[in-house]
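Secondary and tertiary structure notes
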Amino acid sequence: MQQVYQKYYVPAQSYWPIVGAVALFLIAVGAGNFVIESTRGEAGYGGNILAVGVLLLLIMLFGWFKDQINESMSGLYSDQLSQSYRQGMSWFIFSEVMFFGAFFGALFYARTIALPWLGGASNNAMTNEVLWPGFQAMWPLVETPGGVTTTAMSWAGLPTINTIILLVSSVTLHFAHVGLEQNKRKQLTAMLGVTIVLGCIFLFLQVEEYMHAYRDLGLTLQSGIYGNTFFLLTGFHGMHVTLGTIILTVLFLRVLKGHFTPDSHFAFQAGSWYWHFVDVVWVMLFVFVYVL
Amino acid sequence: MSKATEIISPEHGAADPHDTHDGHHDHHAPSGIMRWVLTTNHKDIGTLYLWFAFIMFLVGGAMAMVIRAELFQPGLQIVEPNFFNQMTTVHGLIMVFGAVMPAFTGLANWLVPMMIGAPDMALPRMNNWSFWILPFAFTILLASLFVEGGGPAFGWTFYAPLSTTYSGDSTALFVFSVHIMGISSIMGAINVIVTIVNMRAPGMTWMKMPLFVWTWLITAFLLIAVMPVLAGAVTMVLTDKFFGTSFFDAAGGGDPVMFQHIFWFFGHPEVYIMILPAFGIISQIVPTFARKPLFGYASMVYATASIALLSFIVWAHHMFTTGMPVAAEMFFMFATMLISVPTGVKVFNWVATMWRGSMTFEVPMLFALAFIVLFTIGGLSGLMLAITPVDFQYHDTYFVVAHFHYVLVTGAIFSIMAAVYYWIPKWTGRMFDVTLAKWHFWCSLISVNVLFFPMHFVGLAGMPRRIPDYALQFADFNKWISLGGFAFGLSQLIFLVVMIKACRKQGEPVSDRVWEGAEGLEWEIPSPAPYHTFETPPVVK
């Protein structure tokens, strides 16, 4: 709680929230119809509506952030408001943690409960005997109870390289932050640039790994619970890295324009929190999806 | 966009470089519909949430009328079984996500800033975004009823494989509408939590906060923790149904029971999201009309926090008959029964607050008293359901339906009505039509018990839930249940009339304090509350 009370700052009205609501509406309608149409094999407008929605969302984000930046640069914001932003961002990251938690939960449940039971563990001998005769519980699950086979993704090679890349990117981003706080703009620019490049390399290698999985290993989204958890966890993580890279790129452009001071750089801090969060998720992924 | 609205405090105002901005901020707000579309004012957004919730309550209620009309007599009378299933499903989804949750969020918007001495919510533009997502989300959900093959018909719990293997194409629309509802809830909750942590007036220390604020703080935490898990659950349903994954299919190494674990990990805290703010409301109203301070304030705070923490380790009591090791059944049984301790603390404290108080029975107090009695009935039937071996008998019967309607209708909904009657004179500056409001209360109270109490009996006798037809021996009770249902539905039209009259500012002007025994910051300011409540931070002693 602040002891010295500053002026209350109440932001003015804005068109962007309603634009954002319409964008999410179009995305939801478009995605829903797109999925339905592609299942039925019909032509339709779902994909177009989805594309318009995504475009509108991007326009909204651009415009909203632009207004925020202008207001912030003209010194309108109080300490209390920037404190609200910090707390809001922390809670947003917490909600993201819980989102990944749902998929990690599915992974742990499948590995420690569902598969052993299908293999006859505990009091489920008859489940195995009658429903899935001959099924052996194992992880990675390279042969499903239904008989679909696949190959496991090794942790050596690309995944290890990617782990190193992301860990290094966390360090470089930290040094960029230190550079910002000590007003060493060159260090800030260079380190932030390196972080973005590392993010891009990570994404490129991730695409390579997916192609390797589909082409060489026969590991697909349809390969049973191993492939399901593998692709959803790494896929959602990849989406977050993509978003994080975009955030860092925006920050980079703002740094080039001379934004941020050693005392006032909430946007930079929020972006770096997000990036560190994405890294921590990857470390969890590497341990539980690839290695163990 | 260019003009920022500011409120200047006395200490800094004169020297502040920005106070050239207009101090009177009401007159450049757009009028007409754009006022509501663009508003960033917590009171306007609160009003929008409350009216949206009320409209959804009537829509969901209309679906309940279809259900009760079909069940009036045994045999298939009025609707197709598939349509009946769509009605039970969408009724549940609308009441949970469209009525109860937005109503509480609306109350939080109206009241939290006034109660803690803040000028507005912490993030007002995001507040607007959170609200306006909701009408779109429910448009999608309702539109899905018209998709070829029908709307969602798998129950609001959308258990796999009902929602994966056996569902219609509209499942995709259901999934995406739940996604954007979740985004709305998470943003709304972040806003509430940041407002409470960061925007309290000087002197408003944690243990001076009104209980409504405390309960909402904890509710917001629960929302941020579990709505993303719901998003994960619907995503897995989507990929299982449309993209060939097998999270919930044993043939691919998944497990349909896993769906229930993930769903109820969200679902049980969700239940408390719908009741904790109700506890806060009752804790505000009872002291006012008993003219005594709340008994055991600190224990109320700790009890709320305990209930919230316990809510994360009890989810599988919804799944006792699904198939779990005995050790797990025992754990979830005892953890669930533990919740009755903090809940008992609350009921005890409300009763102790009234003990030897100078009681009067205005409309908000009537609803609060009905809440205490009827919610406790729902709590006790919950305790019965918590006992694993007994639950084997009750599971999926009308006993469960009776239980959760007692906690949600006579619990959550009654508390919302109590809250609206309690605070609406402050919002409009006028007293509502007390005579009609009393009619609303007594009609609701009698009909709701005719509606839900006999469900205990048919449930214990074995009538399963979610069926359009039933065995002949349940016919008499079901006739009464349906009649009670129709009467309860009609009673809410009285509420609609009272609300329309109140919003048109008909009625006697009220004093600032409105109720003789009311305490708290919101009663210190003029009635109706000014558009921006606190121009300067109030001093809290």
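Residues numbered from 1 in each chain as written. Chains lettered and ligands numbered in written order. Predicted model: local features only at pLDDT ≥ 70, side-chain atom pairs only at ≥ 80, totals over all residues. Heavy atoms only, no water.

**A look at the overall build of chain B**
Defined as follows: Strands are runs of DSSP state E lasting at least two residues, helices are runs of H or I lasting at least four, and both sets are numbered from the N terminus onward. Based on C-alpha atoms, the radius of gyration is set beside the globule rule, defined as 2.2 Å times the residue count to the power 0.38. Charged residues are defined here as Lys and Arg on the positive side and Asp and Glu on the negative side; His and the ends of the chain fall outside this count. For the purpose of locating charges, the reference atoms are NZ of Lys, CZ of Arg, CG of Asp and CD of Glu.
In terms of helices and strands, chain B carries 17 helices and one strand. Relative to the globule expectation of 24 Å for 541 residues, the C-alpha radius of gyration of chain B, 23 Å, shows essentially globular dimensions. The C-alpha extent of chain B, read off along each of the three principal axes, is 70 × 55 × 45 Å. Averaging the coordinates of the 23 positive side-chain charges in chain B and doing the same for the 30 negative ones gives two points 9 Å apart.

**Let's talk about the overall build of chain A**
For clarity, the threshold we go by: When a residue's accessible area, from a 1.4 Å probe over protein chains only, is under 20% of the maximum for its type it is buried; when over 50% it is exposed; and in between it is partly exposed. Any two residues having at least one pair of non-hydrogen atoms within 4.5 Å are treated as being in contact. What sets the accessible areas is the Shrake-Rupley method with a 1.4 Å probe; for residues, cover comes only from the shown protein chains.
What chain A contains, in helices and strands, is eight helices and one strand. Tracing chain A from N to C terminus, the helices and strands come up as β-α-α-α-α-α-α-α-α. Principal-axis analysis of the C-alpha atoms gives chain A an extent of 70 × 45 × 40 Å. Buried positions account for 48% of the 292 residues belonging to chain A. Sequence separation of at least 24 residues holds for 72% of the intrachain contacts in chain A that already meet a minimum separation of 6. Carbon together with sulfur atoms contributes 69% to the accessible area of chain A, which is approximately 13,300 Å² in total. Taken together, the 11 basic and 14 acidic charged side chains of chain A have centroids lying 14 Å from each other.

**Focus: the packing of aromatic side chains**
The condition is simple: Only rings of Phe, Tyr and Trp enter the pairing, Trp through its six-membered ring, and a pair is recorded when the two centres are within 6.5 Å. The plane angle decides the type: under 30 degrees is stacked, over 60 is edge-to-face, the rest tilted.
All told, the structure shown has 77 aromatic pairs over all chains when counted by the stated rule. Ring plane angle 45° and centroid distance 5.7 Å describe the contact between A:Trp282 and A:Tyr290, whose orientation is recorded as tilted. The buried category is assigned to A:Tyr290, whose relative accessible area is 5%. Each ring, one from B:Phe247 and one from B:Phe248, has its centre 6.2 Å from the other, and the planes form 50°; the classification is tilted. With a relative accessible area of 0%, B:Phe247 lands in the buried category. For B:Phe248, a relative accessible area of 3% translates into the label buried.

**Side note on the interface of chain A and chain B**
Note: interface size is frequently given as the accessible area lost on complex formation between the parts. We count it as follows: Buried area: the sum, over both parts, of the accessible surface (1.4 Å probe) that disappears when the two are put together. By definition here, a salt bridge exists when the distance from a side-chain nitrogen of Lys or Arg to a carboxyl oxygen of Asp or Glu is within 4 Å. Side-chain atoms alone can form a polar contact between residues adjacent in sequence; in general such a contact is a pair of N or O atoms within 3.5 Å, and within protein one must be able to donate a hydrogen while the other accepts it.
The interface of chain A with chain B comprises 73 residues on the first partner and 91 residues on the second. Buried surface at the junction of chain A and chain B, both sides included, amounts to about 6,800 Å², of which 71% is carbon and sulfur. With a closest N to O distance of 4.0 Å, A:Arg40 and B:Glu148 form a salt bridge. Inspection of the region where chain A meets chain B yields twelve residue pairs in polar contact (both at pLDDT 80 or more). Of all the elements in the fold, those that place two or more residues in the side of chain A that touches chain B are β1 (8–10), α1 (16–40), α2 (46–73), α3 (79–118) and α7 (224–256) of chain A. Broken down by element, the side of chain A that touches chain B gets its largest block of residues, 22 residues, from α3(A).

**Details of the pattern of salt bridges**
Taken as a whole, this structure holds eight salt bridges over all chains when the rule is applied. The salt bridge partner of B:Asp169 is A:Arg40, with a shortest N-O separation of 2.6 Å. Here B:Asp169 is found in the loop between α5 (124–143) and α6 (171–198), whereas its partner A:Arg40 is found in helix α1 on a different chain. With a relative accessible area of 18%, B:Asp169 lands in the buried category. The exposure class assigned to A:Arg40 is partly exposed, which follows from its relative accessible area of 31%. A salt bridge links B:Glu524 to B:Arg513, with the nearest nitrogen and oxygen atoms 3.2 Å apart. Placement of B:Glu524 in the segment after α17 (475–503) and of B:Arg513 in the segment after α17 is noted, with a sequence separation of eleven residues between them. The partly exposed category is assigned to B:Glu524, whose relative accessible area is 49%.

**Some thoughts on the nonpolar core**
Inclusion rule: Throughout, nonpolar core names a set of buried Ala, Val, Leu, Ile, Met, Phe, Trp, Tyr and Cys residues whose side chains join them through atoms within 4.5 Å.
Among the nonpolar cores identified, the biggest contains 278 residues, and B:Phe97, B:Leu107 and B:Phe138 are the most heavily contacted of them. If one sorts the elements of this core by residue count, helix α7 (residues 211–242) of chain B sits on top with 23 residues.

**Structural notes on helix α4 (residues 81–116) of chain B**
Residues and elements named next belong to chain B. How we decide: Under the convention used throughout, the expected extent of a helix is 1.5 Å for every residue step, that is, one less than its residue count. One axis fitted to the seven residues ending at a residue, another fitted to the seven starting there: the angle between these axes is the bend at that residue.
Helix length check: α4 (36 residues) gives 50 Å between terminal C-alpha atoms against 52 Å at 1.5 Å per residue, within 8%. The largest bend in α4 amounts to roughly 35° and is located at Met95. The element α4 is largely enclosed, with a buried count of 32 among its 36 residues. Immediately downstream of α4, the backbone of Gly117 shows phi near 75°, a positive value.

**Some details on the packing of α3(A) against helix α8 (residues 266–291) of chain A**
Residues and elements named next belong to chain A. For the record, the criterion: Fitting a line to C-alpha atoms yields each axis, with helices limited to the stretch in contact; the angle taken between N-to-C directions then spans 0 to 180 degrees. Working definition: roughly parallel below 35 degrees, roughly antiparallel above 145 degrees, roughly perpendicular at 65 to 115 degrees, and oblique for all remaining angles. Ten residues, namely Ala, Val, Leu, Ile, Met, Phe, Trp, Tyr, Cys and Pro, are considered nonpolar, four, namely Asp, Glu, Lys and Arg, are considered charged, and the remaining ones, Gly among them, are considered polar.
Where α3 meets α8, the axes come as close as 10 Å, and the angle between the chain directions of the two elements is 10°. Here α8 runs roughly parallel to α3, going by the angle between their axes. Considered class by class, the residues forming the contact of α3 with α8 number 19 nonpolar, two polar and three charged.

**Examining the confidence of the model for chain B**
Residues and elements named next belong to chain B. Selection rule: Per-residue confidence from the predictor is reported as pLDDT, which spans 0 to 100.
When pLDDT is averaged across chain B, the result is 92; 94% of the residues are at 70 or more. Looking at the elements of chain B, mean pLDDT is at its lowest for helix α1 (residues 10–13), recorded as 36, and at its highest for helix α16 (residues 434–460), recorded as 98. Reported for the predicted complex are a pTM of 0.93 and an ipTM of 0.94.

**Here's the deal with the side chain of B:Ser246**
Structurally, B:Ser246 can be placed in the loop between α7 and α8 (256–273). For B:Ser246, the contacting residues outside a window of four places in its chain are A:Gly224, A:Ile225, A:Asn228, B:Asp240, B:Gly252 and B:Gly254.

**Describing unusual backbone geometry**
Residue and element names in this part refer to chain B. Across the junction of Ala160 and Pro161, the peptide omega takes the value 5°, indicating a cis bond. For Pro161, the location among the structural elements is in the loop between α5 and α6. The omega torsion of the bond from Ser527 to Pro528 falls at -10°, within 30 degrees of zero and hence cis. Tracing the sequence through the fold places Pro528 in the segment after α17. Within the chain, Asp396 stands out as a residue other than glycine whose phi angle is a positive 60°. Secondary-structure assignment places Asp396 in the loop between α14 (388–394) and α15 (398–428).

**Quick look at helix α6 (residues 185–217) of chain A**
In this model α6(A) runs 46 Å from its N-terminal to its C-terminal C-alpha over 33 residues, within 8% of the 48 Å that 1.5 Å per residue would give. Note on α6(A): the residue one or two positions beyond its end, A:Gly218, has a positive phi of about 65°.

**Focus: the environment of B:Gln473**
On the secondary structure map, B:Gln473 appears in the loop between α16 and α17. Distance from B:Gln473 to B:Met463, taken between C-alpha atoms, is 9.5 Å for residues ten residues apart in sequence.

**Brief notes about the packing of helix α3 (residues 42–71) of chain B against α15(B)**
The relative placement of two packed helices comes down to the angle between their axes together with the axis-to-axis distance. All names here are of chain B. Here is the rule: For a crossing to be left-handed, the near helix must be turned anticlockwise from the far one by less than a right angle; the clockwise case is right-handed.
Interhelical geometry of α3 versus α15 gives an angle of 150° and a closest axis separation of 14 Å. With respect to α15, the axis of α3 lies roughly antiparallel. The way α3 lies across α15 gives a crossing that is left-handed. Between α3 and α15, the contacting residues are Leu50, Phe57, Arg68 and Leu71 on the first element and Tyr398, Ile413, Met417 and Trp427 on the second.

**Thoughts on a nonpolar patch on the surface**
Residues and elements named next belong to chain A. To keep things clear, this is the line we draw: Surface patches are drawn from residues lacking salt bridges whose relative accessible area is over 30%; two like charges belong together within 9 Å, two nonpolar side chains (Val, Leu, Ile, Met, Phe, Trp, Tyr) within 5 Å.
A contiguous nonpolar patch, built from Trp155, Leu167, Val283, Val287, Val291 and Leu292 and spanning about 490 Å² of accessible area, is present on the exposed surface. Broken down by element, the residue count for the nonpolar patch peaks at three residues, all from α8. Relative to the assigned elements, Leu167 resides in helix α5 (residues 158–181). Here Leu167 falls in the partly exposed class, since its relative accessible area comes to 43%.

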